Structures are given as C-alpha cells and as structure tokens.
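So you can see what is in the structure, the chains are spelled out below.
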Amino acid sequence: MIDFACKEFKIEDVIKCALNLTKADLKVMKYFLNETEQWVDTDFLSKSLKLDISTIQRSVKKLHEKEILQRSQQNLDGGGYVFKYKIHSRAKIKNIIMTVVNSWAGRLGQELEKWENGV
C-alpha cells in the first residue's frame, strides 16, 4: 500500500490508474506477469482467463500500444498468421508508470502555483 496524505493506495490500483486499464486489461497483464517467458495468442488467453475473445483482443491491443506487451507474428503453414504476445520487463513497465506519475506531479505543481497566486 502507498500512503498519500489522507488515503492509502494499493500498488495495483496505481498501476491500473496510471495505465488507464480496465479490470480485464489488468487481469491480462497479471497473467503475463506470472508467465514472463511465454509467448501466447489471444485464443489461448481467452480460454485460460475465461474471458471473451473480443475482450482479450482489446486488452492485448491496448497493452501492446502502451508498450506493456511485445508482439510477434507467427505465419501459419496454410497461410495467414497469428499474433503472439509476451510481457516486457517489469523495469520497462515501471519506467512507463513513473513517466505518468511524474507528469501528474508536474501538473499538480502547476495547479498549486495557480492556487498559491489566487488564480
């Protein structure tokens, strides 16, 4: 837990908020954090996490765009391809989150300056 003045936050809540994740997104991310070396596709994730395939697809797309997940294309023998995903390092994810938190702190500082000056 993180104690900030008048409220405590679970680190999971800070991560979810900083990355603007849904519950499903967080569930997918947590799966990957426990399976750091495994490349998996959305079908496998859907079955493993018991979530609808479209929910999984939205989540991995968002996590990939935020650079939380890596994506690799696997070409199929009969034509076509499937994307497989794997998580980036915790250090990389921490840096992404810290960038967001530092941005919040900067904006807070600006607002406090305005408040101090009666603006």
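Since the model is a prediction, treat every value here as computed from it, not as a measurement.

Definitions and limits used
- Residues numbered from 1 in each chain as written.
- Predicted model: local features only at pLDDT ≥ 70, side-chain atom pairs only at ≥ 80, totals over all residues.
- Heavy atoms only, no water.
- Axes fitted to C-alpha atoms, helices over the stretch in contact; angles between N-to-C directions.
- Helix = DSSP H or I, 4+ residues; strand = E, 2+ residues; numbered from the N terminus.
- Parallel < 35°, antiparallel > 145°, perpendicular 65-115°, else oblique.
- Contact = heavy atoms within 4.5 Å.
- Buried < 20%, exposed > 50% of the residue type's maximum accessible area, 1.4 Å probe, protein only.
- UniProt positions renumbered as here; feature names shortened; annotations may be inferred.
- Left-handed = near helix turned anticlockwise from the far one by under 90°.
- Nonpolar A, V, L, I, M, F, W, Y, C, P; charged D, E, K, R; others polar.
- Pairing = 2+ DSSP bridges.
- Salt bridge = Lys/Arg side-chain N within 4 Å of Asp/Glu carboxyl O.

A. Layout of the packing of helix α2 (residues 23-34) against helix α4 (residues 53-65). Interhelical geometry of α2 versus α4 gives an angle of 70 degrees and a closest axis separation of 9 Å. Taken together, the axes of α2 and α4 lie roughly perpendicular to each other. Facing A24, D25, V28 and M29 of α2, the residues of α4 in contact are T55, I56, S59, V60, K62 and L63.

B. Looking closely at the environment of I53. As for its placement among the helices and strands, I53 is situated in helix α4. Judged by its relative accessible area of 31%, I53 falls in the partly exposed class. The spacing of I53 and D43 is ten residues in sequence and 6.6 Å in space, taken between C-alpha atoms. Residue contacts for I53: discarding those within four places in its chain leaves T42, D43 and S46.

C. Representation of the UniProt feature "domain: DnaD N-terminal" (unreviewed entry) in the protein chain within the structure. The positions UniProt marks with the feature "domain: DnaD N-terminal" (unreviewed entry) are residues 10-104. The distance from the first to the last C-alpha atom of residues 10-104 is 18 Å, and the span holds 59% helix and 15% strand.

D. Here's a closer look at the packing of helix α1 (residues 11-18) against α2. Between α1 and α2, the shortest axis-to-axis distance is 10 Å and the interhelical angle comes to 115 degrees. The angle between α1 and α2 falls in the class roughly perpendicular. Considering how the two elements wind past one another, α1 and α2 form a crossing that is right-handed. In this structure, α1 contributes E12, I15 and K16 to the contact, and α2 contributes K23, L26, M29 and K30. Across the contact of α1 with α2, the residue classes tally to three nonpolar, no polar and four charged.

E. The pairing of strand β4 (residues 81-87), seen in detail. Two elements, strand β3 (residues 69-75) and β4, share seven bridges in a ladder whose sense is antiparallel. Residue pairing in the sheet places L69 in a bridge with I87 of β4. Where β3 folds back on β4, the antiparallel hairpin that results is connected by five residues, among which G79 adopts a positive phi of roughly 105 degrees.

F. Representation of the pattern of salt bridges in the model. This model, assessed by the stated rule, comprises seven salt bridges. Measuring nitrogen to oxygen at the nearest pair gives 3.3 Å for the salt bridge that ties K61 to E65. Taken as a pair, K61 and E65 lie in helix α4 at a separation of four residues, close to a single helical turn. Both residues of the pair, K61 and E65, belong to the exposed class. For K92, the salt bridge is made with E67, and the minimal N-O distance between the two is 3.2 Å.

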